[in-house]
Amino acid sequence: MFVIVITVAIGVGLKQVNVATKVVSSENFMYQSSIIVEDLLNILKTSKDISAVVDAKSSEALYLFLSQAAFIPFESSGVEIVMKINSARGKFNPLTLSNKNLPLVQQYMNRYQVNSQYVDILLDGMSKIKEDNSYNSTIFDEKPYLFRDYIVSKEHLQEFNNFYAREYNDNALKNINFDNLFYFSNNKNMSIDLNYATPEVWEMMLGCQKDKAELLSDGGGFYTKIKDLDLNSEEEENLKLFKTSFFEPILYVEIEITENELHSKISFEYDIKKKKGSNFVYEI
């Protein structure tokens, strides 16, 4: 039902745009993209399926919804749209690095032949402006205008990765799947939803082997307590060093829109409790 509602509502919206807007194609496309996002937000706010997840307060209900709405492709009025909805709390936000979990993050990097100094460089990228210039590296000598409050995107992370590769003549970072490991946000208090943690995140948090990490990543929404995870005592202690949860009703929505040679990608978080979107990123 959720998929049908989205298809119909956005299809009608696009027809209205095509009739009402007779301008340059690129401007029309940008307008279409904004209309689609607005329509989608309204659908999320009024969706009975999402309201049911809130009412149930259940990790299983959230998992069921995401399994049904994870990937929705459709076409309307010559515009191709692909929408993906996932949990926004399945990865590790570098901004949540702390003295407690730092050794485990370094250990994970070392496992893939990445020097511990790499984590120091990441910390530079989140340490804000220091008047005494007491950074761990010289990256800001090379790039004095590089943003350093937090890591904001994959492209921003790549600046630090490139510096590490040049500084240490080391290409070991290619061994790490950063797309599955890191999530970028200025929310320092965000938790990792253990029902959606990726294998890479499990491996880093527990210091466990890949096979166990992959097994744990297939929680199916059934994790509600630590005992459900079947961890040994060392792994339980390691997990306590990270901020985790069993139910984080925050969605990560990605929309890809294509019309002829024009393409846009929009992503944002949606808090289903507060019925509010945030952290919007537009690539047009």
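Here the structure is a predicted model, which means the values were calculated and not measured.

A residue-level look at the protein finds 91% of positions with pLDDT of 70 or above and a mean pLDDT of 88. Here helix 1 (residues 2-20) is the element of the protein with the lowest mean pLDDT, 53, and helix 10 (residues 199-206) is the one with the highest, 98. In this model, residues 19-24 is a region of pLDDT below 50 whose contacts with residues beyond four sequence positions or in other chains number three contacts.

Take E261: it is sitting in the loop between strand 5 (250-259) and strand 6 (262-271). According to the relative accessible area criterion, E261 is exposed, its value standing at 80%.

Right, let's get into the pairing of strand 6. Across the ten residues that make up strand 6, a large majority, seven, are buried. Sheet topology places strand 5 next to strand 6; ten bridges connect them, and they run antiparallel. Bridge assignment links E259 to a residue of strand 6, and that residue is L262. Joining the antiparallel neighbours strand 5 and strand 6 is a turn of two residues, in which N260 adopts a positive phi near 55°. In this sheet, strand 7 (residues 276-283) lies alongside strand 6 in antiparallel orientation, the contact comprising six bridges. Looking at strand 7, one finds that D271 is bridged to K276.

A word on the packing of aromatic side chains. Scanning the model with the defined rule gives 13 aromatic pairs in all. With a centroid separation of 5.6 Å and 85° between ring planes, the pair formed by F147 and Y150 is classed as edge-to-face. When the centroid spacing of 4.9 Å and the interplanar angle of 20° are considered together, the rings of F268 and F280 count as stacked. Of this pair, F268 sits in strand 6 while F280 sits in strand 7, and the two are twelve residues apart along the sequence. A relative accessible area of 1% places F268 in the buried class. Taking relative accessible area as the criterion, F280 reaches 33% and is therefore assigned partly exposed.

Conventions we followed
Residues numbered from 1 in each chain as written. Predicted model: local features only at pLDDT ≥ 70, side-chain atom pairs only at ≥ 80, totals over all residues. Heavy atoms only, no water. pLDDT = per-residue confidence, 0-100. Helix = DSSP H or I, 4+ residues; strand = E, 2+ residues; numbered from the N terminus. Contact = heavy atoms within 4.5 Å. Buried < 20%, exposed > 50% of the residue type's maximum accessible area, 1.4 Å probe, protein only. Pairing = 2+ DSSP bridges. Phe/Tyr/Trp six-rings, centres within 6.5 Å; stacked < 30°, edge-to-face > 60°.

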